Amino acid sequence: MKTPLHTPVLLDHVLKILCHTEKQIFLDLTFGAGGHTRGLLNCNENSIVYALDRDQNSIELAREMAKEYPNRLFPFHGQFSELKNIFTHKQNFFHGILLDAGTSTMQLNDAKRGFSFRHDGPLDMRMNTKSKSINAYDLVNRLDETALSRIIRLYGEDQRHRKIARCIYQWRSTFGSISTTTQLANVIKVGLGGSASDFDKLNRPIHPATKTFQALRIVVNDELNELYNGLEQAYTLLKPGGTLLCISFHSLEDRIIKRHFQGIVLHADNVSSNLDEKSLSVQAENQVRYHLQTNKITEADDNEIDGNPKARSAKLRYGIKI
Ligand SMILES: C[S@@+](CC[C@H](N)C(=O)[O-])C[C@H]1O[C@@H](n2cnc3c(N)ncnc32)[C@H](O)[C@@H]1O
């Protein structure tokens, strides 16, 4: 059997929450390899999916899949912050919107995309390879020690941020630039004394560079601002009574999603610098916009985690637009 390009997480839960017996129009904001989209299309033969992704490779997959579902799957290349422009005439239009945050397995496994230290490749990490934005190489080699330390603290939530920034900076000063994923991972590992200090839910050692890689990826793709803007714009596209369902993979994402469902609207252009509770209380206002059937988070069970370890950190929240 062919290995799937990406195994969709919490698929049964997603379908149970989103699929109804009547025809529905969905927006999948994160097509990836289309696992969730396919599930939505298969659960009701009249339903329609509009699918977005900022990664051109995903949109090519979506165009291929669209041939299997004539007039039922409409792919769009773009990012969350462009939603209002892409779907100008689709206010209060969708019955369900799905956002499955983060990176796809295809992105992580493609060495030349530079997302993972498990595959040696150039330090890139741009989800949209056509974008002219900074890449991970620029951050690692151009930022000074204080700026590096700050992003590793804020977006990696790694308490060893100062030590990590220092070892990157010292390595650069002595040997020049750091150009590949494994080179960066080794510089960090050696700098921290070589051993893992944390373990994941499956009790596997976490590589000491994991959180730094997360931080770089978040900054390169402006992921937290994208998520915040995506949620705000998705709200206007959703019909009253429609469902917004979000899956996140780390606490920074989950915090933004949780606040969105709680109705906390930030008065800030840049949510990335407003993640702590103190600044939030000054800059936020409350607007109840969703009916939450449960405050509980849905997580994968052991069965799913056994088959798809990535599911171990997935958290699903959803709400019905009032
Ligand atoms: C976890 S994968 C989605 C997997 C998908 N649900 C599936 O079943 O195959 C996340 C996808 O979201 C895309 N993505 C992340 N941030 C985005 C953004 N701001 N705008 C559009 N797409 C984004 C990524 O390129 C990636 O393909």
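Treat the numbers as computed from the prediction; the structure is a model and nothing was measured.

What counts, and where the lines are drawn
- Residues numbered from 1 in each chain as written.
- Predicted model: local features only at pLDDT ≥ 70, side-chain atom pairs only at ≥ 80, totals over all residues.
- Heavy atoms only, no water.
- Pairing = 2+ DSSP bridges.
- Helix = DSSP H or I, 4+ residues; strand = E, 2+ residues; numbered from the N terminus.
- Contact = heavy atoms within 4.5 Å.
- Axes fitted to C-alpha atoms, helices over the stretch in contact; angles between N-to-C directions.
- Core = buried A, V, L, I, M, F, W, Y, C linked by side-chain atoms within 4.5 Å.
- Buried < 20%, exposed > 50% of the residue type's maximum accessible area, 1.4 Å probe, protein only.
- Domains from an automatic or database assignment.
- 1 Å grid on protein atoms, 1.4 Å probe; cavity = no way out; pocket = protein on both sides within 12 Å on 5 of 7 lines; lining within 4 Å.
- Points joined across faces, edges and corners; volume = space filled by probe spheres on them.
- Nonpolar A, V, L, I, M, F, W, Y, C, P; charged D, E, K, R; others polar.
- Disulfide = S-S within 2.5 Å.

A. Here's a closer look at the sheet that holds strand β8 (residues 290–291). One open sheet accounts for seven strands, arranged β3-β2-β1-β4-β5-β9-β8; its pairing is mixed. Edge strands, defined here as strands with exactly one partner in the open sheet, are β3 (73–77) and β8. The pairing of strand β1 (residues 25–28) with strand β2 (residues 48–53) spans four bridges and is classified as parallel. Residue pairing across strands places Phe26 opposite Val49, the latter belonging to β2. Helix α2 (residues 35–43) rests against β1, β2, β3, β4 (94–100) and β5 (238–248) of the sheet, and its axis sits at about 170 degrees to β2.

B. Region of the structure containing the environment of Met106. Positionally, Met106 belongs in helix α5 (residues 105–109). Taking C-alpha positions, Met106 is 29 Å from Leu143, a pair spaced 37 residues apart along the chain. Excluding its chain neighbours within four sequence positions, the residues that come into contact with Met106 are Leu5, Gly32, Ala33, Ser58 and Leu61.

C. Representation of the nonpolar core within the structure. Counting residues in hydrophobic clusters, the biggest one holds 57 residues, and the most contacted among them are Leu27, Leu29, Ile97, Leu184 and Leu244. If one sorts the elements of this core by residue count, helix α11 (residues 223–237) sits on top with seven residues. Both domains that meet at this core, namely domain 1 (11–106 + 222–321) and domain 2 (134–220), each give it at least three residues. Ignoring anything within four residues of it in the chain, the contact list for Leu244 reads Ile97, Leu231, Ala234, Leu238, His260, Phe261, Tyr290, Arg317, Tyr318 and Gly319. With 28 residues, the next largest nonpolar core counts Leu40, Leu73, Ala314 and Tyr318 among its residues.

D. The arrangement of the pairing of β5 in detail. β5 sits mainly inside the fold: eight of its 11 residues count as buried. Pairing of β4 with β5, which is carried by six bridges, proceeds in the parallel orientation. Across the sheet, Leu99 pairs through a bridge with Cys246, a residue of β5. Pairing of β5 with strand β9 (residues 315–321), which is carried by six bridges, proceeds in the antiparallel orientation. Bridging from a neighbouring strand, Cys246 pairs with Arg317 of β9.

E. Fine view of empty space enclosed by the protein. Tallying each qualifying case throughout the model produces three cavities of 30 Å³ or more. As a volume, the largest cavity reaches approximately 400 Å³. Around the largest cavity, the lining is made up of 32 residues, and of these Thr30, Asp100, Ala101, Gly102 and Met127 lie nearest the centre. The element contributing the most residues to the lining of the largest cavity is α11, with four residues. Classifying every residue of the lining of the largest cavity gives 11 nonpolar, 13 polar and eight charged.

F. Just the state of the cysteines, in detail. All chains considered together, the criterion is met by one disulfide. One disulfide in the model links Cys19 with Cys43; its S-S distance is 2.1 Å. What sets the handedness of the Cys19 and Cys43 disulfide is the S-S torsion sign, and at about -60 degrees it is left-handed. Of this pair, Cys19 sits in the loop between α1 (11–18) and β1 while Cys43 sits in helix α2, and the two are 24 residues apart along the sequence. Residue Cys19 is classed as buried on the basis of its relative accessible area, which comes to 18%. With a relative accessible area of 36%, Cys43 lands in the partly exposed category. Note on Cys246: no disulfide assigned, nearest cysteine sulfur contributed by Cys19 at a separation of 16 Å.

G. Expanded view of the layout of surface pockets. Its volume calculated, the largest pocket comes out at about 1400 Å³. In terms of lining, the largest pocket is formed by 36 residues, of which the most central are Thr210, Gln214, Phe249, Arg312 and Ser313. Here the lining of the largest pocket gets five residues from one element, more than from any other, and that element is helix α10 (residues 210–220). Tallied by class, the residues present in the lining of the largest pocket amount to 10 nonpolar, 14 polar and 12 charged. Counting contributing residues, the lining of the largest pocket receives three or more from each of domain 1 (11–106 + 222–321) and domain 2 (134–220).

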